[in-house]
Structure formats: C-alpha cells, structure tokens
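# Summary of structural features
Listed below, chain by chain, are the residues.
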Amino acid sequence: MLEYRTKHVVMFSGGAGSSWVGKYVADKYGWENTILLHTDTKWEDEDNYRFMKECAFHIGVGITTVADGRTPEDIFRKDLYFGNFGTAPCSKQLKMNQTFEYVQDLLGKGVKPILYFGIDFSEVRRAPRIAYNYKHNVDVFEDGIEVRFPLIGEIDGNPVNGEQLLYGTDYLNEGNMPRMRNELVFECLEKQNFIKCDANPKKEIVEEWEVPLPRMYALGFKHANCAGICVKAGKKHYQLLHKVWKHKYDEIEKIEKEINDAQVAKNGRRYTILSKTEETGELDSKGNPKKRKIPYSLEEYRTEVLEGGSCDLTNDDDNENPCECVF
Ligand code: SF4
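Bear in mind that the values here come from a model prediction, so they are computed numbers and not experimental data.

## Digging into the nonpolar core
The tendency in soluble globular proteins is for nonpolar side chains to be buried side by side. Among the nonpolar cores identified, the biggest contains 52 residues, and Tyr238, Leu241 and Ile252 are the most heavily contacted of them. For this core, the elements supplying multiple residues, two or more each, are helix H1 (16–29), helix H2 (46–59), strand E4 (111–116), helix H9 (215–218), helix H10 (235–244), helix H11 (246–267) and helix H12 (298–306). Top contributing element to this core by residue count: H1, with seven residues. When we break this core down by domain, the ones giving at least three residues each are domain 1 (5–216) and domain 2 (228–306). By size, the runner-up hydrophobic cluster in this structure holds 36 residues, among which are Ile35, Tyr132, Leu184 and Leu189.

## Observations concerning unusual backbone geometry
The phi torsion at Glu210 lies on the positive side, around 60°, for a residue other than glycine. Relative to the elements of secondary structure, Glu210 occurs in the loop between helix H8 (201–207) and H9. A positive phi is found at Cys226, a non-glycine position, where the angle reads about 45°. By relative accessible area, which is 10% here, Cys226 ends up buried.

## Focus on the packing of aromatic side chains
Under the counting rule described, the total for this entry stands at 13 aromatic pairs. For the pair Tyr81 and Tyr271, a centre-to-centre distance of 4.9 Å together with 75° between the ring planes defines the contact as edge-to-face. Within this pair, whereas Tyr81 is found in the loop between helix H3 (72–79) and helix H4 (89–108), its partner Tyr271 is found in the loop between H11 and strand E9 (274–283), the two being separated by 190 residues in sequence. Using a relative accessible area of 24% as the deciding quantity, one classes Tyr81 as partly exposed. Judged by its relative accessible area of 22%, Tyr271 is partly exposed. Between the aromatic rings of Tyr238 and Tyr249, the centroid separation amounts to 6.1 Å while the plane-to-plane angle is 80°, which identifies the pairing as edge-to-face. Remark: Tyr249 occurs in helix H11 and Tyr238 occurs in helix H10; sequence separation between them is eleven residues. When its relative accessible area of 0% is taken as the criterion, Tyr238 is described as buried. A relative accessible area of 0% places Tyr249 in the buried class.

## A look at the domain arrangement of the protein chain
Split by domain assignment, the protein chain resolves into domain 1 (5–216) and domain 2 (228–306). Spacing between the C-alpha centres of domain 1 and domain 2 amounts to 28 Å. Between the two partners, domain 1 and domain 2, sit one salt bridge. Across the salt bridge formed by Glu258 and Arg77, the nearest N and O atoms sit 2.8 Å from each other. The interface formed by domain 1 and domain 2 includes two residue pairs in polar contact (both at pLDDT 80 or more). Within the residue set of the side of domain 1 that touches domain 2, elements represented by two or more residues are H3 and H9. A per-element tally of the side of domain 1 that touches domain 2 places H3 first, with four residues. Taken together, the residues of the side of domain 1 that touches domain 2 break down into nine nonpolar, four polar and five charged.

## A few points about the environment of Pro159
Structurally, Pro159 can be placed in strand E7 (residues 158–159). Residues Pro159 and Val111 lie 48 residues apart in sequence; the distance between their C-alpha atoms is 20 Å. Ignoring any residue separated from it by four or fewer positions in sequence, one finds Pro159 in contact with Tyr24, Lys28, Tyr29, Tyr116, Arg148, Phe149, Pro150, Gly153, Glu154 and Gln164.

## A closer look at the pattern of salt bridges
Tallying each qualifying case throughout the model produces 25 salt bridges. Notably, a salt bridge pairs Arg77 with Glu73, separated by 2.9 Å at the nearest N-O pair. On the criterion of helical spacing, the pair formed by Arg77 and Glu73 is a turn pair, its members being four residues apart in helix H3. Given the relative accessible area of 34%, Arg77 is considered partly exposed. When the shortest N-O distance is used, the salt bridge between Arg148 and Glu146 registers 2.9 Å. Salt bridges linked by common partners bring Glu73, Arg77, Lys254 and Glu258 together as one network.

## What about the packing of H3 against H4?
Across the interface, H3 lies against H4 with an axial gap of 9 Å and an inter-helix angle of 130°. Judged by the angle between their axes, H3 and H4 are oblique. Of the two elements, H3 crosses H4, and the hand of that crossing is right-handed. Of the residues in H4, those in contact with Pro72, Ile75, Phe76 and Asp79 of H3 are Pro89, Cys90, Gln93 and Leu94. Residues of the contact of H3 with H4, tallied by class, amount to six nonpolar, one polar and one charged.

Rules used in this analysis
- Residues numbered from 1 in each chain as written.
- Predicted model: local features only at pLDDT ≥ 70, side-chain atom pairs only at ≥ 80, totals over all residues.
- Heavy atoms only, no water.
- Core = buried A, V, L, I, M, F, W, Y, C linked by side-chain atoms within 4.5 Å.
- Buried < 20%, exposed > 50% of the residue type's maximum accessible area, 1.4 Å probe, protein only.
- Helix = DSSP H or I, 4+ residues; strand = E, 2+ residues; numbered from the N terminus.
- Domains from an automatic or database assignment.
- Phe/Tyr/Trp six-rings, centres within 6.5 Å; stacked < 30°, edge-to-face > 60°.
- Salt bridge = Lys/Arg side-chain N within 4 Å of Asp/Glu carboxyl O.
- Polar contact = N/O pair within 3.5 Å; in protein donor to acceptor, adjacent residues only side chain to side chain.
- Nonpolar A, V, L, I, M, F, W, Y, C, P; charged D, E, K, R; others polar.
- Contact = heavy atoms within 4.5 Å.
- Axes fitted to C-alpha atoms, helices over the stretch in contact; angles between N-to-C directions.
- Parallel < 35°, antiparallel > 145°, perpendicular 65-115°, else oblique.
- Left-handed = near helix turned anticlockwise from the far one by under 90°.

Shown next, in the form of structure tokens:
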C-alpha cells in the first residue's frame, strides 16, 4: 500500500484570515511542509494581489496559484444563472473544482494534503459545509480530505477539524447536513477539550507583520473576495458596494440584467442575486401570514431602496450576508 507524505495546504484566499492561517501553519508544521494555495477567480481586486505577495513573503512560503482561466461572469453567462447565497457555480467551478484537481495532482505524487481555511469563531457555521464538501466530493479516500480551521480554535493542540466541529452528530453523513447555525457547532465543541482561538489577524498583520490590509477592509467590506461583486452576498453588502464602489455595483447590475433578460427569454424564469420576502395572502396554522421568497434584482434594489428609500426589507433574512464563498 502506498505510503503518503503529509502536506499542509492553506486555502490562501487573499484575505486577512487565510494569511494569518498561512503563518500559523508554517510556524507549526514547517515552511517546507506548507503550501499557500490560491484559487484565482480573476475577479479579485488588484490590491488583494499586492497583499497576498507581501504576506507570503512574511510567511516565507511562495504562492501556488491554480486557475480555471474563466471568471465568475464567464460561468454566469454560460449557465444563465448566478447561484445565490446557498449555492454559487462560480465558487464550485473556480475554487472547489480547482482545489479538487490540485489535490488529485498531489495524491498522484504521493502527497496527502490536509486543507486549512481562514474561517473564524464568529462565523463557525460556514465551516461544516466545507467539511461536508471535502468529505463527499473528493473521490479519493472513503472519508475525503481532512479540513482544519485554526482560527476557530484547537483541540488537544491541533486545529479543530471537520469531524470535531460536528462531534456527536451524524450531520457529515451523506444528505444529513441541516442549515447550519453557530449554536449547533458551539454545542458540539463544548463536549470536547476545545480552546477558542482569540487571535486578531487584521491587527497582527498590520502591527506585527507591518503589511497594510487589502483596501477593501478600510472601505467596510467584511470579506475581500472577488472585488466586492459576490453573488453570495446579501443586501447590506450591496448597499455598501453602491455607496463606496458605485462603478462595481453598476457593473454587476448590468451583468445581472443581461443574464436575467436572456433567461426570461429562454424559459420565462427569473434568477437574481438577491431575493426579497413577500406575503402569500394565506395564513399558516398559527394564523400568521405565510411568506415566500421572490427574485429581487440589483436594479430593483437600487431604484426602490438605495436611491428610492421606499421599501422595508428589514425582515429579509439575507440582509446581513456578507460575501461568503465556500471554497
Ligand atoms: S467570492 Fe463570490 S463571486 Fe467570487 S467565486 Fe466566490 S461566490 Fe463566486
């Protein structure tokens, strides 16, 4: 049976979290055993590339870049579909599939990777889906590829992994993953010898590494992916984009409109990046109005809310979503 060597592969996205994780992994397991893997969507803000280079230099490990060659827009136009908060074809094809191919390549060279992600404790609910994807979508080992999350915390001296996040549940089994909430993961972690990570990556990178953060953070973005035009983001994110980078809002609004028009012409269906909630006119068993989600274009959001100030969207549950790429 083939004996595999282990390599620690950091999903180096271009943000502060994954850069901090890169340093953590290189310090803990050795720079010679660390790979900084960037899956390039070709949509990143130019200042992210500057940031990644400076961080990689500080960490002491070069960047390994893999790319499909297409941008998210190429994929949206081909499929006439953007995906949304729950599912995004760009994330799947440009990040996950690229990572799978890279993993296969490593395995062919006798290297078994462990993947590391820069998700922190405050957004821990994002991590189980990644663990699920790398358990079921990598057709190599029965249990998939191990994924770890140093910024969430450690158990017995090692970064918490996917199995530990969902300890005592069967959520990682095929078809069993519920819509995840932070509290569900907290309950699982509490049953183990878990120590929360209290690092502050942005502060450390600026003050100790002396590397200026990507300019998107100073503009108010929570994540610095795809230059702010992420199809998994919610209304608050697009409100910010409209305020600070109107040209980017206009760009994605135009793409959305063209794709939406083509989709409507093709089969009469509307696909938009955002959605909004409306009452159906019926009551549920408790006598409360039933609600449903309907497509809501960036053009509608801009004209009705951002420039019109006429629509109350406070009950929509995707209001708060920042860009959350499942890579
Ligand atoms: S950051 Fe957003 S737009 Fe970019 S690849 Fe990920 S999901 Fe798609």
